[in-house]
Amino acid sequence: MKTRSELRNIIVNVLYQIYIMDGSDITYDVDAIIKEQLEVENEFVDTSVKEIIKNQKKIDKYANKYLKNWTVDRLSKVDRAILSLGIYELLYTDVPPIVAINEAVELSKLYSDDKVVKMINGVLDSIYHNEVPDGR
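Nothing here was measured: the structure is a model prediction, and the numbers come from that model.

Q: So, the overall build of the protein: which residues are in play, and what are the values?
A: What the protein contains, in helices and strands, is 7 helices and 0 strands. When the helices and strands of the protein are read in sequence order from the N terminus, they spell out α-α-α-α-α-α-α. For the protein, whose C-alpha radius of gyration is 14 Å, the value lies close to the compact-globule estimate of 14 Å for 136 residues. Over its C-alpha atoms, taken along the principal directions, the protein stretches across nearly 35 × 30 × 25 Å. Relative to its full complement of 136 residues, the protein shows a buried share of 44%. Partitioning the contacts of the protein with sequence separation of at least 6, the portion at a separation of at least 24 is 69%.

Dropping the structure here:
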């Protein structure tokens, strides 16, 4: 059984693949990409990936609102995937905000340099303080 942290890493990998295919106008089956990454079906991964894709425009809008001198389409695909997951968890789930931010930061430490880690932390922290309803 995988931990939630390991499952989030899988979500980032799936989103990364989707962003690459979107950028190259390659058709794909989301379920097939998810299945490639998992030995057994997982509702957390399945729901997260599909909800992020469904809400991608809104998620990107939030990212762009808080990115300083940058836009989401200029981020690397993996950084965009991590940021999308973090924003999704902050705004669309009942994951405690500190957990959503910390998990995204930990993922960015695996894949990115310190500047990107700080940027992702800063964007998610700003979204948390400005967009997440109180009491969550």
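Once you've had a look at it, read on.
Q: Provide a residue-level description of unusual backbone geometry, including the pertinent values.
A: Within the chain, Asp-25 stands out as a residue other than glycine whose phi angle is a positive 55°. With respect to the secondary-structure elements, Asp-25 resides in the loop between helix 1 (4-23) and helix 2 (30-37).

Q: Help me get a handle on the nonpolar core, residues and values and all.
A: Ranked by internal contacts, the top residues of the largest apolar core, which has 44 residues, are Ile-11, Val-45, Val-49, Ile-52, Leu-83 and Leu-124. Sorting elements by how many residues they give to this core places helix 1 first, with 9 residues. With residues up to four places along the chain from it excluded, the contact list for Val-49 reads Ile-11, Val-14, Ile-18, Val-30 and Ile-34.

Q: Explain the packing of aromatic side chains to me, using residue names and the numbers behind them.
A: This structure, assessed with the given rule, holds 1 aromatic pair. When the ring of Tyr-88 is compared with that of Tyr-92, the centres are 6.0 Å apart and the planes differ by 15°; the resulting orientation is stacked. Remark: Tyr-92 and Tyr-88 occur in helix 5 (residues 77-92); sequence separation between them is 4 residues, near one turn of the helix. The exposure class assigned to Tyr-92 is partly exposed, which follows from its relative accessible area of 30%. When the ring centre of Phe-44 is taken as reference, the NZ or CZ atom of Arg-4 above it lies at 3.9 Å.

Q: Please give an account of helix 6 (residues 97-111) that cites residues and values.
A: Owing to its 3.6 residues per turn, the α-helix brings residues three or four apart onto one side. The end-to-end C-alpha distance of helix 6 is 22 Å, a good match for the 21 Å that 15 residues give at a rise of 1.5 Å each. Taken as a whole, helix 6 has its buried residues at Pro-97, Ala-100, Ile-101, Glu-103, Ala-104, Val-105, Leu-107 and Ser-108. Residues of helix 6 that are buried in the fold lie against helix 1, helix 5 and helix 7 (114-131).

Q: Any chance you could break down the packing of helix 1 against helix 5 for me, citing the residues and the numbers?
A: Packing of helix 1 against helix 5 leaves a shortest axis separation of 8 Å and a crossing angle of 125°. Compared by their axis directions, helix 1 and helix 5 come out oblique. The interaxial crossing formed by helix 1 with helix 5 has right-handed handedness. In this structure, helix 1 contributes Arg-8, Ile-11, Val-12, Leu-15, Tyr-16, Tyr-19 and Ile-20 to the contact, and helix 5 contributes Lys-77, Val-78, Arg-80, Ala-81, Ile-82, Ser-84, Leu-85 and Glu-89. In terms of residue class, the contact of helix 1 with helix 5 is built from 10 nonpolar, 1 polar and 4 charged.

Cut-offs and rules
Residues numbered from 1 in each chain as written. Predicted model: local features only at pLDDT ≥ 70, side-chain atom pairs only at ≥ 80, totals over all residues. Heavy atoms only, no water. Helix = DSSP H or I, 4+ residues; strand = E, 2+ residues; numbered from the N terminus. Rg over C-alpha atoms; globule rule 2.2 N^0.38 Å. Buried < 20%, exposed > 50% of the residue type's maximum accessible area, 1.4 Å probe, protein only. Contact = heavy atoms within 4.5 Å. Core = buried A, V, L, I, M, F, W, Y, C linked by side-chain atoms within 4.5 Å. Phe/Tyr/Trp six-rings, centres within 6.5 Å; stacked < 30°, edge-to-face > 60°. Lys NZ or Arg CZ within 6 Å of the ring centre and 35° of its normal. Expected span 1.5 Å × (residues − 1). Axes fitted to C-alpha atoms, helices over the stretch in contact; angles between N-to-C directions. Parallel < 35°, antiparallel > 145°, perpendicular 65-115°, else oblique. Left-handed = near helix turned anticlockwise from the far one by under 90°. Nonpolar A, V, L, I, M, F, W, Y, C, P; charged D, E, K, R; others polar.

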